[in-house]
Amino acid sequence: MSKTAISAEESPLLSSSLDARERLLEAAEALIYAGGIHATGVDAIVRSAGAARKSFYTYFESKDALVAAALTRRDERWMRWFIDGTLKRGRTPRTRLLAMFDVLHEWFASDGFHGCAFLNAAGETASPDDPVREVARMHKARLLAFVAEQCDAWRLANGADRRVAMRLAHQWLILIDGAIGVALVSGDVDAAHDARAAGQLLLDALTPDCAQASRLRR
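Residues numbered from 1 in each chain as written. Predicted model: local features only at pLDDT ≥ 70, side-chain atom pairs only at ≥ 80, totals over all residues. Heavy atoms only, no water.

Draft legend 1. Representation of the packing of aromatic side chains within the structure. Scanning the model with the defined rule gives twelve aromatic pairs in all. Ring pairing ties together the aromatic residues Trp78, Trp81, Phe82, Trp107, Phe108, Phe113 and Phe146, which thus form one cluster. Just above the ring of tyrosine 33 sits the side chain of arginine 74; from NZ or CZ to the centre is 4.1 Å. (Phe/Tyr/Trp six-rings, centres within 6.5 Å; stacked < 30°, edge-to-face > 60°. Lys NZ or Arg CZ within 6 Å of the ring centre and 35° of its normal.)

See the structure below:
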């Protein structure tokens, strides 16, 4: 995905052809991603959406409900972008796993990168039962499921145990989120390359063990 395309992904443009609910969702997502939940008021969202304030109460019972809906919408788009970018770059399980960091690097280098919207939102909510926190957990579960799918394919190609593949998936998610956090705080887009290098070392370290275990089972 090009830098321009990623920028458009991260900062959706409001369209007058959309209904008021969709405009409110787009405005909420863009403003909250750029400035945070607590710093973004309902009035600013309504104004950016070009909607009447009463339309906000027509579609959403509260600001939290709007934020949760906007994040759910973002999850669908972000996951589609990340999965498509990964699959296009990798032909084997190993190259697909490593390609995830190439996709992240393009994102980090794009205009309007403000880190992970879901980690950011979770950091602004105190209760683990908050609807916003629940959406953040859902997003990370979906991301882990995609990573685990690739790790399972890697397992089959290398004769690894299922437990090894699942542990690898959790470790891979930490590398992904770690790279996002470092890129946000430091502004260093090469955090993606550093995470990729760490992932490559991890795969290299595991692969001989997998091959040995496969031979022992014969």
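Draft legend 2. Seen up close, helix H6 (residues 93-108). Between its first and last C-alpha atoms H6 spans 23 Å; for 16 residues at 1.5 Å apiece the expected length is 22 Å, and the two agree. Largest kink in H6: about 25°, centred on alanine 99. By the criterion of burial, H6 is predominantly enclosed, with twelve of the 16 residues buried. (Helix = DSSP H or I, 4+ residues; strand = E, 2+ residues; numbered from the N terminus. Expected span 1.5 Å × (residues − 1). Bend = angle between axes of the 7 residues up to and from the residue. Buried < 20%, exposed > 50% of the residue type's maximum accessible area, 1.4 Å probe, protein only.)

Draft legend 3. Spotlight on the nonpolar core. Ranked by size, the top nonpolar core spans 65 residues in total, and within it Leu24, Phe82, Leu104, Trp107, Phe108, Trp172 and Ile176 carry the most contacts. Broken down by secondary-structure element, the contributors of at least two residues to this core are helix H2 (20-35), helix H3 (42-49), helix H5 (63-89), H6, helix H7 (117-123), helix H8 (131-158), helix H9 (162-186) and helix H10 (191-217). Counting residues per element, this core draws most heavily on H9, at eleven residues. Counting residues domain by domain, this core receives three or more from each of domain 1 (19-60) and domain 2 (70-206). Non-local contacts of phenylalanine 108, meaning those with residues more than four positions away in its chain, are made with Phe113, Ala179, Ile180, Ala183, Val189 and Ala192. (Core = buried A, V, L, I, M, F, W, Y, C linked by side-chain atoms within 4.5 Å. Domains from an automatic or database assignment. Contact = heavy atoms within 4.5 Å.)

Draft legend 4. Seen up close, the side chain of lysine 140. Of note, lysine 140 is situated in helix H8. Beyond its immediate stretch of four places on either side in the chain, lysine 140 contacts Cys116, Leu119, Leu173 and Asp177.

Draft legend 5. Quick look at the UniProt feature "DNA-binding region" (unreviewed entry) in the chain. Per the UniProt record, the feature "DNA-binding region" (unreviewed entry) sits at residues 41-60. Strand forms 0% of residues 41-60 and helix 75%; the C-alpha atoms that close the span are 14 Å apart. (UniProt positions renumbered as here; feature names shortened; annotations may be inferred.)

Draft legend 6. A look at the side chain of threonine 86. By secondary structure assignment, the location of threonine 86 is in helix H5. Accessibility expressed as a relative area gives 0% for threonine 86, which makes it buried. Ignoring anything within four residues of it in the chain, the contact list for threonine 86 reads Arg96, Ala99, Met100, Val103 and Phe146.

Draft legend 7. Structural view of the environment of tryptophan 78. Within the secondary structure layout, tryptophan 78 lies in helix H5. Its relative accessible area of 3% is what places tryptophan 78 among the buried residues. For the pair tryptophan 78 and leucine 143, spaced 65 residues apart in the sequence, the C-alpha separation amounts to 9.9 Å.

Draft legend 8. Examining the packing of H2 against H3 more closely. Remark: H2 packs on H3, axes separated minimally by 8 Å, with the N-to-C direction vectors making an angle of 120°. As summarised for this structure, H2 and H3 are arranged oblique, according to the angle between their axes. Of the two elements, H2 crosses H3, and the hand of that crossing is right-handed. Of H3, the residues touching H2 (which contributes Arg23, Leu24, Ala27, Ala28 and Leu31) are Ala44, Ile45, Val46, Ser48 and Ala49. Counted by class, the contact of H2 with H3 contains eight nonpolar, one polar and one charged residues. (Axes fitted to C-alpha atoms, helices over the stretch in contact; angles between N-to-C directions. Parallel < 35°, antiparallel > 145°, perpendicular 65-115°, else oblique. Left-handed = near helix turned anticlockwise from the far one by under 90°. Nonpolar A, V, L, I, M, F, W, Y, C, P; charged D, E, K, R; others polar.)

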